[in-house]
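# Close look at the chain arrangement
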Amino acid sequence: MDVSEKSREPQAGPVPTTSAESSVVSSNRDEIQTQRGGTSRRVVQVCVTAALGGFLYGFSANAMSGTLAQTSFIALFLTTTDATSRMDGLLASFLGGAFVGSIIQAPVSNRWGRRSANLAAALVSVIAGILQSASYYIEMLFVARVICGVAAGMVIANSPVYMSEVAPPHTRGLLVGLQGVGIVAAYIACSLCGLIFSFVQHPVQWRLTFIVLTVAAVGFGCSLLFLPESPRWLMENGREEQARAELERLHKTKSDPNGALARAEAKQIKAQIEAERHLPKGYLYIFRTPHLRKRAFCSILLWIMGQGTGITAIANLIPVLMGGLGFGNTLQLGLGCAWTVAAILGCIVNVTFIDRIGRVKLLVIGGITNATILAVMTALVKYYLNTTYQPGINALVALYFIFGFAFTSTIECTAYVYGSEIWPTHLRSEGSTIAYASFFGNALAYSAPINLALKNIGWKYYLVFVAVTVVSTAILAVYFPETKNLTLEEINAQFGDEVAVDLKDAIAAEVMAETSSRKIPQ
C-alpha cells in the first residue's frame, strides 16, 4: 500500500475501550443534538463581518449599473456611435477581471491564509476605486474595471471558504449564506447611490459612487484586522494549539459551556487533515480523481444553472431594462432600487430555511420556479417591450420583481454555501476557484452581449435563459448529494471519501471524559 492509499484510510478516533465506556458513549450519543445546538455570538459576529466581503463584491459589481443612467456619465462616455459596445465592454471587463481574481485567490489563500487573501483583495479594491473615480478616458475606465474585477473575484471566492471553515455545521447554511445577503445589500446601496447622486448637478456626479466604493473597501480591510484566521487553515499549517483555541472561542455556547463540540471538531479536523496531508494537489489531480471530479462537475453545474437564469445580466441592467419600458432616468433608478429590496427579502427567506429544507431541494425549487417565470417574461417582452400598452408593461415590471425575489430566496445564498462546503480542506481554495470560474465565465457569457442581443434578437435572448435553466436543473436534481447539517469533514462521505473520525463518536467521548472527570473525588 502506498502513502496515498494509507492517507485515505480512516484514522483511529476517540472510541471506548471497555463495555462500561461503550454504554456511556451509547447513552451520550442520544444527547449529541444538545451539544450541537446553539450558535455562539462570537461566530455570528465573525461571519457577519466576513460577509462584508460579499458587500464589497456586490458594490463593485453593481456600481456600473446606476452609473450607466447618470447624465454626466452618458455625456462623457456614451455619446459616441459605439455606446452600446462600450456598455457591454464595461460589464465584460469587470467580469473578466473577476474570473482572473477567482483564480489568483487560491494560491494566496493557501500560502498566507484566508484572512490575508481578503486583505490583499481589499487593498486592490482601494486602488481600483481610486482609478475608477479618477477616470477621464474610456480606456482608463476599462483598465480600472478590470482591476476592480480582480479584487472582487478574489473576495467573492475566498470569503465563503473562510466562513464555511469557521461556522458550526448546524447553522453553516445560514452563516455562509450571509455572503448573499451582503451582496444584495450592496445592490441596494448602489441603487440608492445612483438615485441620490442623480440629483447632483455637477460633472463629478457619476464619480461619487466609486468614491463610496473606495471607502467601503477601506472599511472592509480594517474590519479584517479584528477577525481570527480559519481554524482549519491553522490546523493544516501546523498551528494546532492556535486552531484549537480559535475553535473553542468560536463554538463554545450556553448549551455546550465546556466546549465539547469544539474539542471534538478539533480531533476530527486534525485526523482528516492528517489523512489528506500526503494526497496530491492541483487542478489536474482534481479532474483525474473520480470523487474530486464529481465535486468539480457539481461546482461548475451549480453556476451554469445559477447564471443561466440571467440573474447577473438582468441585475446589472435593471435601470436600462426599465428605460426600455418607457420610464425616465429618475424612475429607472428608483425602480432599480426597489428591485434590490425585493431581492434582499428573498435572501432573508433563503438563509432562514437553508438549514431546514436542504441545499439541493432549494436549488431544484429555484431552478423550476425561475425557469417558469422566465418563460412568462419572454412572452411579455416579445409583445410589450418598447410599447405603450400599460397593462403589459406593468405585468413585465411586476415579473422582474418576482423573478428577483424567486432567485434570491432559493438559489442566491444556497449556491454560495454549497460551492464552498463540498471540498476537502486541502483543496477548498482550488475548489472555490472552479466554482467561481464557472460563476464568472457564465456571467460573462450571458452579460457581455446582452445589450447587443436585446437590440438584435430581443425577446428570443430570454429563451436561452429558459433552456439552460431547465436542462441544468434536471441534471442537478439527480446528481448533487445533500450536505445539510454535516460537518465539512462528514461531507466527504457524500462523495465516496473516508471520514477519518465520526463527529458523534468524538463528541460522545468528550462528554464521557467530562462526566468521568466530575466523578473523580477531589
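Residues numbered from 1 in each chain as written. Predicted model: local features only at pLDDT ≥ 70, side-chain atom pairs only at ≥ 80, totals over all residues. Heavy atoms only, no water.

Let us now look at the packing of aromatic side chains. Counted by the stated rule, this structure contains 19 aromatic pairs. Each ring, one from W303 and one from Y436, has its centre 6.5 Å from the other, and the planes form 40 degrees; the classification is tilted. Of this pair, W303 sits in helix α17 (residues 290-308) while Y436 is found in helix α23 (residues 428-447), placing the two residues 133 residues apart along the sequence. Owing to a relative accessible area of 1%, W303 belongs among the buried residues under this scheme. (Phe/Tyr/Trp six-rings, centres within 6.5 Å; stacked < 30°, edge-to-face > 60°. Helix = DSSP H or I, 4+ residues; strand = E, 2+ residues; numbered from the N terminus. Buried < 20%, exposed > 50% of the residue type's maximum accessible area, 1.4 Å probe, protein only.)

Quick look at the nonpolar core now. Y57, F73, M377 and F480 are the most contacted members of the largest nonpolar core, which has 122 residues in total. Not counting residues up to four positions away in its chain, the partners in contact with F73 are M64, T67, L68, L78, L90, L141 and W206. (Core = buried A, V, L, I, M, F, W, Y, C linked by side-chain atoms within 4.5 Å. Contact = heavy atoms within 4.5 Å.)

What follows deals with the pattern of salt bridges. Inspection of every chain in the model, using the stated rule, returns 14 salt bridges. The residue E165 makes a salt bridge to R428 at a minimum N-O spacing of 2.7 Å. Here E165 is found in helix α9 (residues 138-166), whereas its partner R428 is found in helix α23, with 263 residues between them in sequence. With respect to burial, E165 and R428 carry one shared label: buried. Among the ionic pairs, R232 bridges to E489, the shortest N-O distance being 2.9 Å. Of the two residues, R232 sits in helix α13 (residues 231-236) while E489 sits in the loop between α25 (460-479) and α26 (491-494), which places them 257 residues apart along the sequence. Per residue, the accessibility class of R232 equals that of E489, and both read buried. (Salt bridge = Lys/Arg side-chain N within 4 Å of Asp/Glu carboxyl O.)

Along the chain, the position of T408 falls in helix α22 (residues 390-421). In this structure the side chain of T408 is engaged in a polar contact, spanning 3.4 Å, whose partner is the backbone oxygen of F405. Dropping the residues within four chain positions of it, T408 is found in contact with V184, A342, A343, G346, C347 and N350. (Polar contact = N/O pair within 3.5 Å; in protein donor to acceptor, adjacent residues only side chain to side chain.)

Residues V341, L345, I348, V349, F353, I357, I365 and F405 make up a contiguous nonpolar surface patch of roughly 600 Å² in combined accessible area. For the nonpolar patch, the element with the highest residue contribution is helix α20 (residues 329-357), accounting for 6 residues. Locating I365 in the fold gives a position in helix α21 (residues 359-384). The exposure class assigned to I365 is partly exposed, which follows from its relative accessible area of 41%. (Patch = residues over 30% accessible without salt bridge, like charges linked within 9 Å, V, L, I, M, F, W, Y side chains within 5 Å. Areas by Shrake-Rupley, 256 points an atom, 1.4 Å probe, with all protein chains shown as cover.)

Where α21 meets α25, the axes come as close as 9 Å, and the angle between the chain directions of the two elements is 160 degrees. In terms of orientation, α21 and α25 fall into the roughly antiparallel class. Between α21 and α25 lies a crossing whose hand is left-handed. Across the interface between the two elements, V360, L363, V364, G367, I368, A371, L374, A375, M377, T378 and V381 of α21 pack against Y462, L463, F465, V466, T469, V470, T473, L476 and A477 of α25. Looking at the contact of α21 with α25 residue by residue, the class counts come to 16 nonpolar, 4 polar and no charged. (Axes fitted to C-alpha atoms, helices over the stretch in contact; angles between N-to-C directions. Parallel < 35°, antiparallel > 145°, perpendicular 65-115°, else oblique. Left-handed = near helix turned anticlockwise from the far one by under 90°. Nonpolar A, V, L, I, M, F, W, Y, C, P; charged D, E, K, R; others polar.)

On to the confidence of the model for the chain, then. Looking at the chain, pLDDT values average 86 and 88% of them are 70 or higher. When the elements of the chain are averaged for pLDDT, helix α1 (residues 3-8) gives the smallest value, 41, and helix α8 (residues 114-133) the largest, 97. Residue range residues 1-32 is modelled with pLDDT below 50. Its contacts to residues more than four positions away, or to other chains, number 47 contacts. (pLDDT = per-residue confidence, 0-100.)

Between its terminal C-alpha atoms helix α5 (residues 52-67) stretches 22 Å, which fits the 22 Å expected from 16 residues at 1.5 Å a residue. Along its length, α5 reaches its greatest deviation from straightness, about 35 degrees, at A61. Most of α5 sits inside the fold, with 14 of its 16 residues counted as buried. (Expected span 1.5 Å × (residues − 1). Bend = angle between axes of the 7 residues up to and from the residue.)

Before going further, it helps to examine the state of the cysteines. This structure, assessed with the given rule, holds 0 disulfides. Unpaired in this structure, C347 has its nearest cysteine sulfur neighbour in C413, at a distance of 3.9 Å. By relative accessible area, C347 is classed as buried at 0%. (Disulfide = S-S within 2.5 Å.)

Turning to helix α11 (residues 178-197), a few remarks are in order. Each α-helix turn comprises 3.6 residues. Residues three or four places apart therefore point the same way. Over its 20 residues, α11 extends 28 Å from the first C-alpha to the last, a length consistent with the 28 Å expected when each residue adds 1.5 Å. Along α11, 16 of the 20 residues are buried, which leaves the element largely enclosed by surrounding structure.

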